[in-house]
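Observations on the three-dimensional arrangement
Each chain, letter by letter, is given below.
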Amino acid sequence: MFVSKAAVVGGGTMGGEIAQAIAASDIPVVVKDIDQKFVDAALDKARGVTEGQLARLVKKEKLTQEQADARLAEVMGNITGATTYEEFGDVDFVIEAVPEKMEIKQAVFREIDAATPGHAILTSNTSSLSITEIGEATLRPDKVVGFHFFYPASIMPLVEVIVGEDSSQETATAAYNFAQAIKKQPIVCGEVPGFVVNRILMATMGEIWRAQEEQGLSLKAIDEAIAGAQLAPMGPFFLTDLLGLDTVFHVAEHLHESYGESFYVHEGLRGLVSEGKLGAKTGGEGFFKDGEQNVPGDVEPDAEELVAMFSSRALIEACLLVEEGVCSVRDIDLGMMAGAGLDPRKGLLPPFWKADVTGLDQVLETMEGLEERYGERFSPPVTLKRLVAQGRHGLGTGQGFYPYPQADEGEQTETVKLETRGGVAIAWLANLPMNSLSPQVIADLETVWNRLKEGGEVGAMVIASAVPVVFSAGADIKAFTTLDEASGADLINRAHALFRDFGKARVATIAAVNSIAFGGGCELAMACDVRIAAEAAVFGQPEVKLGIIPGFGGTQRLARLVGPNKALELNLVGDAILSEEALELGLVNRVVPDHELFETALMWGRKLAARAPVAVEQIKTVSHQGDIDAGIEAEKQGFATAFGSEDAKEGIGAFLGKRTPKWSGR
């Protein structure tokens, strides 16, 4: 499903910000509301956001004022305001952003179901309501998903794609790709109250609220303790004032009704909302007014205890989301990074990553102590106990929720770290931050591979990522642009020879794909004998969007794995596919829970390493006999032609400049 035109139903601030994100990605969008004043408010918000973004670029001298004015006109020209559904006849993707009441949402969905083409995807920006129930108001529940932005939508990168009971895989994938098209970071999750980020946030904030009211604690001291321990960008009370007390109260009550006493609702919050003291949206008076707290409490808290409660509840709720099959480990952490501001670059780690750094054995001990003091809401989750029982204690042991390199002693290459475990070697991709396949990575991978073959002691090699949230985002485009014709050809030839040797040598190769595997990253995985994917893995060949073609075997190996028809589609369209579809197509051999990926890949490595080396070599050599070498030669020529074109220069320039390319056909 492709999106040429979108619509937002519900104006005002949020509708305007969502529409702006779409329009700024050069996709036409209609903003519809029942009252022109709400439409005007949305248009004014979109204009204000765009002006602010462009002003910052002018200040950094990345644009002239004249260019900024022209771009403002382009973006606003992509937005149409409406009070009827007349403009919806050719809309492909609708985002509903009306008040959080089921009867209102169902009424709107009945209307947009009748006003849009049958292929259109209908989504809700709900923060907590049932997607399945919303979809029941339509004749196309399979094309209904949640599409939850975080406020402010112009700044916050996260979109939660929520799959209801009737949502199809194709719809979820299309929503994921649309989120990427408007430059947002999507995660995919199942339908439970609070979804992912709000459920974890409310679990942690509820514990702090409970402690504050039961012990009469100082709000300022609590906020300082939480922020000072780098558990969050700011304290929970200050954050609530920023978000709006009514918004937070609504979500907190909903989760309390859904999950019971483990989600506490602050009575002082209830009172402030009833008095209309909503924080920043009502002049600044909420939990605080002019820097002074608005609810009783002056006792100094036990900061260590608060920190333990906050971080433990975050991890418990995150584990429950995994155990309930709602979301994957990587997507939960990514959601907390993109939706709750937990930026590892600032020392703010999301739940699973933080637990690994702390040590899972220590985390378990802390939880058991809290359970003794406060009861079953701190009961350690099964997943945590299981990992500790396996000796997977996190960063210090090389495995926890994520795997971590424990490189062999001696000389190591710069971007690929070698670790051997018996007859299995692990080649850790360590080209931070995105593991892009630069000339250095290819050279280092070649060095590691040759060392393993010459040593003769290793029967299998696992290619894994040292970065928890990405496998490889593709070729290093910026590095490619610095190569001349001779060095570019040499790189392509070396990469092809290396990847081809993966498929011939007596050392079996297993790709452990933990997350994004785009372009060259996908081609690297396809060059391996076996591909094990985490639930959070995402695959794609997006080269066509840059005006080039796959250059590391993607036109040949993809067809052999998924069939020529589907391979042609994936290479021509360039969109991503999620792990389940990759498994159905035959692109990967297995899909496993994120935290079991590395262990599963090692199991495959040990199994294949135990096979007779000559037999392994011959099976790999004679299987799929066909003219792949001729195909690769054709691909190399095609890549050279495409890479040298004006379209490629425009596509790469647009990618590096974060703009939409304009093709010339030359």
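Residues numbered from 1 in each chain as written. Predicted model: local features only at pLDDT ≥ 70, side-chain atom pairs only at ≥ 80, totals over all residues. Heavy atoms only, no water.

1. A short note on the overall build of the protein
When helices and strands are counted, the protein shows 27 helices and 19 strands. Principal axes of the C-alpha set define a box for the protein whose edges measure 75 × 60 × 50 Å. Relative to its 666 residues, the protein shows a buried fraction of 55%. For the protein, long-range pairs separated by at least 24 residues make up 71% of all intrachain contacts whose partners lie at least 6 apart in sequence. (Helix = DSSP H or I, 4+ residues; strand = E, 2+ residues; numbered from the N terminus. Buried < 20%, exposed > 50% of the residue type's maximum accessible area, 1.4 Å probe, protein only. Contact = heavy atoms within 4.5 Å.)

2. Side note on unusual backbone geometry
With an omega of -5°, the peptide bond running from Tyr 151 to Pro 152 counts as cis. Structurally, the position occupied by Pro 152 is in the loop between strand S6 (144–149) and strand S7 (158–163). The linkage connecting Leu 432 with the following residue, Pro 433, adopts the cis geometry, with an omega of 5°. Take Pro 433: it is sitting in the loop between strand S12 (424–429) and helix H17 (439–455). If you check the backbone angles, Asp 26 has positive phi at about 65° while not being a glycine. Relative to the assigned elements, Asp 26 resides in the loop between helix H1 (12–23) and strand S2 (29–32). Overall, Asp 26 belongs to the partly exposed group, its relative accessible area being 30%. Residue Lys 183 is not a glycine yet carries a positive backbone phi of 65°. Tracing the sequence through the fold places Lys 183 in the loop between helix H6 (169–181) and strand S8 (185–190). Judged by relative accessible area, which is 52%, Lys 183 ranks as exposed.

3. Quick look at the packing of aromatic side chains
Where two aromatic rings form a pair, the distance of their centres and the angle of their planes describe that pair. Scanning the model with the defined rule gives 15 aromatic pairs in all. Ring centres 4.7 Å apart and planes at 55° place the aromatic pair Phe 352 and Phe 401 in the tilted group. Of this pair, Phe 352 sits in helix H14 (residues 351–358) while Phe 401 sits in the loop between helix H16 (382–389) and strand S11 (416–421), and the two are 49 residues apart along the sequence. Given the relative accessible area of 0%, Phe 352 is considered buried. Where Phe 499 meets Phe 552, the ring centres are 5.8 Å apart and the plane angle is 75°; that geometry is what we call edge-to-face. Of this pair, Phe 499 sits in helix H19 (residues 485–502) while Phe 552 sits in the loop between strand S17 (538–540) and helix H21 (557–562), and the two are 53 residues apart along the sequence. (Phe/Tyr/Trp six-rings, centres within 6.5 Å; stacked < 30°, edge-to-face > 60°.)

4. Re the side chain of Ser 472
Checked against the element boundaries, Ser 472 lands in the loop between strand S13 (460–465) and helix H18 (477–480). For Ser 472, a relative accessible area of 0% corresponds to the buried category. Once residues lying within four places of it in the same chain are set aside, the contact partners of Ser 472 are Met 434, Asn 435, Ser 436, Leu 437, Ile 516, Ala 517, Phe 518 and Gly 521.

5. Here we look at the nonpolar core
Among the nonpolar cores identified, the biggest contains 98 residues, and Phe 352 and Phe 401 are the most heavily contacted of them. No other element matches the 11 residues that helix H12 (residues 303–323) contributes to this core. With near-sequence residues (within four places) excluded, Phe 352 lies in contact with Leu 315, Ala 318, Cys 319, Val 322, Val 329, Ile 332, Asp 333, Phe 401 and Tyr 402. (Core = buried A, V, L, I, M, F, W, Y, C linked by side-chain atoms within 4.5 Å.)

6. Remarks on a positive patch on the surface
Taken together, the side chains of Arg 56, Lys 60, Lys 62 and Lys 658 define a basic patch exposed on the protein surface. Examined against the element boundaries, Lys 60 turns out to sit in the loop between helix H2 (36–59) and helix H3 (65–77). (Patch = residues over 30% accessible without salt bridge, like charges linked within 9 Å, V, L, I, M, F, W, Y side chains within 5 Å. Areas by Shrake-Rupley, 256 points an atom, 1.4 Å probe, with all protein chains shown as cover. Salt bridge = Lys/Arg side-chain N within 4 Å of Asp/Glu carboxyl O. Lys, Arg positive; Asp, Glu negative; His and termini not counted. Charge placed at Lys NZ, Arg CZ, Asp CG, Glu CD.)

7. Thoughts on the sheet that holds strand S15 (residues 516–518)
Ordered in space as S15-S17-S18, the 3 strands form an open sheet in which the pairing is mixed. The open sheet terminates on both sides in strands that have one partner only, identified here as S15 and strand S18 (577–578). Note: S17 against S18, 2 bridges, orientation antiparallel. Across the sheet, Val 538 pairs through a bridge with Leu 578, a residue of S18. (Pairing = 2+ DSSP bridges.)

8. Overview of the state of the cysteines
Chemically, a disulfide is nothing more than a covalent bond linking the sulfur atoms of two cysteines. According to the stated counting rule, one finds 0 disulfides in the structure shown. Cys 522 takes part in no disulfide bond, and the closest cysteine sulfur to it belongs to Cys 528, at a distance of 11 Å. Classification of Cys 522 as buried rests on a relative accessible area of 2%. (Disulfide = S-S within 2.5 Å.)

9. A look at a negative patch on the surface
Residues Glu 133, Glu 136, Glu 165 and Asp 166 make up a contiguous surface patch of negative charge. Mapped onto the elements, Glu 136 comes out in the loop between helix H5 (131–135) and S6. By relative accessible area, which is 55% here, Glu 136 ends up exposed.

10. Details of the sheet that holds S11
Across the sheet, which stays open at both edges, the 6 strands sit in the order S11-S12-S13-S14-S16-S19 with mixed pairing between neighbours. If you trace the sheet from one side to the other, it starts and ends with S11 and strand S19 (590–592), each paired once. Averaged over all adjacent pairs, the angle separating strand axes in this sheet is 20°, with direction ignored. As paired elements, S11 and S12 share 6 bridges and run antiparallel to each other. The residue bridging Leu 418 from the neighbouring strand is Ala 427, located in S12. Seen against the sheet, H17 touches S11, S12, S13 and strand S14 (508–513) and runs at an angle of roughly 25° to S11. (Axes fitted to C-alpha atoms, helices over the stretch in contact; angles between N-to-C directions.)

11. Points about the side chain of Ser 128
Mapped onto the elements of the fold, Ser 128 is located in the loop between strand S5 (121–124) and H5. Of the residues examined, Ser 128 reaches a relative accessible area of 4% and is grouped as buried. Apart from residues lying up to four places away in sequence, Ser 128 is in contact with Glu 100, Pro 193, Gly 194, Phe 195, His 250 and His 254.

Read these as geometric descriptors, not functional statements.
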